Amino acid sequence: MRLAASIASVLLLVFVTLIAAITATLTSVFGSGSDSGPSPEAVADIPADYLALYQQAAPVCPGLDWPVLAAVGKVETDHGRLDAPGVHNGENSAGAAGPMQFLAPTFASVVARHPLPPGGASPPSRYDPHDATHAAAFYLCDSGARDGDLRAAIFGYNHADWYVEKVLAQAERYRAAASTPPASQGGWAVPAAGRCSSGFGPRDGDFHQGQDLAAPIGTPIGAAAEGTVLDAGPASGYGLRVRVQHPGGTVTTYGHNHTNHVTPGQPVRAGQPIAEVGNRGQSTGPHLHFQIDTDGGPVDPVAFYAQRGLRLCVG
Ligand SMILES: [Zn+2]
């Protein structure tokens, strides 16, 4: 019986891995739309203001997803962090400037064809991160992204095959968590790619019974483990909430959701998308409130995952 169960779980793992590989391949070939959630690497590596700009700018182009735009920003100037001539002022020896390394004539022609949305400098500037990311999105779009040819688009940005490969590989790492569970072991999966914000324990004269994972609105939330949906809907303080009952009596809670994707009584497997990160209820910024209740009461989710060899959140 045990053997049968472990064979079944190995088969399931192979199946899930296969689906993940196929999804990743399809994603890299066709792009995955602007709603991809950031991977843990993306959350850890991209400054929050730049991540917001990439996610805001990429949708100006159908066919361009934010991880590609972010990967260009990474390879060009490490998201504006590179301390080199032309990044923050002046130009480099090739005449490029700003976080997205535009040549002056290229930037001028992009802006002439595509008026930039408000939020940047006046007049638009190559050094302004808002203007530079939006202009880069339009430029990638005109170079091929609009027609679904990301390779042509990236090659248009910098005429080198190594550059195209480097950007695509970086984009893949940034979007790694978009449609697959970030990590899974022993039947438990990390529910969402996010940064550890408020932890388990005493807080403001009360007791915070879960771990908060800060992540952009729309980041996919997966079931932490196999189980059955106990309830899914509005709940006091949580805005929208999902609770999942797992074999053995453990219950996991996912709160402040933007959208729920499951209904009570529905069986779910580990990593299956059940909701999206939101900012509803008593919440001061987009995050997932993730709680694990055992027979003995709530436990620290970070420690619970660490005991299973998994890192629940980054930072
Ligand atoms: Zn919380």
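Calculation criteria
- Residues numbered from 1 in each chain as written.
- Predicted model: local features only at pLDDT ≥ 70, side-chain atom pairs only at ≥ 80, totals over all residues.
- Heavy atoms only, no water.
- Pairing = 2+ DSSP bridges.
- Helix = DSSP H or I, 4+ residues; strand = E, 2+ residues; numbered from the N terminus.
- pLDDT = per-residue confidence, 0-100.
- Contact = heavy atoms within 4.5 Å.
- Disulfide = S-S within 2.5 Å.
- Buried < 20%, exposed > 50% of the residue type's maximum accessible area, 1.4 Å probe, protein only.
- Salt bridge = Lys/Arg side-chain N within 4 Å of Asp/Glu carboxyl O.
- Arc of directions from axis to C-beta.

Here we look at the sheet that holds strand 15 (residues 273–276)
Here three strands make up an open sheet; going across it, the order is 9-15-13 and the pairing antiparallel. Bordering the open sheet on either side are strand 9 (220–222) and strand 13 (259–260), each of which pairs with just one other strand. Of the pairings in the sheet, the one linking strand 9 to strand 15 comprises three bridges and is antiparallel in character. Opposite Pro 220, over in strand 15, you have Glu 276 as the bridge partner.

Some words on the confidence of the model for the protein
Summarising the model, the protein shows a mean pLDDT of 87, and 85% of its residues fall at 70 or more. Highest mean pLDDT in the protein belongs to strand 12 (residues 251–255) (98); lowest belongs to helix 1 (residues 2–30) (47). Below pLDDT 50 for its whole length, residues 14–35 participates in 15 contacts with residues either more than four positions away or in separate chains. Here residues 178–182 scores under 50 on pLDDT; set against residues more than four positions off or in separate chains, the count is twelve contacts.

Structural notes on the state of the cysteines
Counted according to the given criterion, the structure contains two disulfides. With a sulfur-sulfur separation of 2.1 Å, Cys 61 is cross-linked through a disulfide to Cys 141. Between Cys 61 and Cys 141, the S-S dihedral sits near 85°, and the bridge is therefore right-handed. Residue Cys 61 is located in the loop between helix 3 (48–57) and helix 4 (66–77), and its partner Cys 141 is located in helix 6 (residues 129–142); the two are separated by 80 residues in the primary sequence. Each of the two residues, Cys 61 as well as Cys 141, counts as buried. Between the sulfur of Cys 196 and that of Cys 313 lies a disulfide, 2.1 Å long from S to S.

Overview of the pattern of salt bridges
This model, assessed by the stated rule, comprises 14 salt bridges. A salt bridge links Glu 41 to Arg 173; the nearest nitrogen and oxygen atoms lie 3.3 Å apart. Of this pair, Glu 41 sits in helix 2 (residues 40–45) while Arg 173 sits in helix 8 (residues 161–174), and the two are 132 residues apart along the sequence. A salt bridge links Glu 172 to Arg 175; the shortest N-O distance between them is 2.9 Å. On the basis of relative accessibility, which here comes to 23%, the residue Glu 172 falls in the partly exposed class. Overlapping salt bridges, with partners in common, bring together Asp 45, Lys 74, Asp 78 and Arg 81 in one network.

Some details on helix 7 (residues 150–157)
Listed in full, the buried residues belonging to helix 7 are Leu 150, Ala 153, Ile 154, Gly 156 and Tyr 157. Buried residues along helix 7 cover an arc of 155° about the axis, so they all sit on one side. Among the structural elements, helix 4, strand 2 (102–103), helix 6 and helix 8 are those in contact with the buried residues of helix 7.

Focus: the environment of Leu 240
As for its placement among the helices and strands, Leu 240 is situated in strand 11 (residues 239–245). For the pair Leu 240 and Gly 278, spaced 38 residues apart in sequence, the C-alpha separation works out to 8.6 Å. Not counting residues up to four positions away in its chain, the partners in contact with Leu 240 are Gly 233, Pro 234, Tyr 254, Gly 255, His 256, Asn 257, His 258, Thr 259, Asn 260 and Arg 280.

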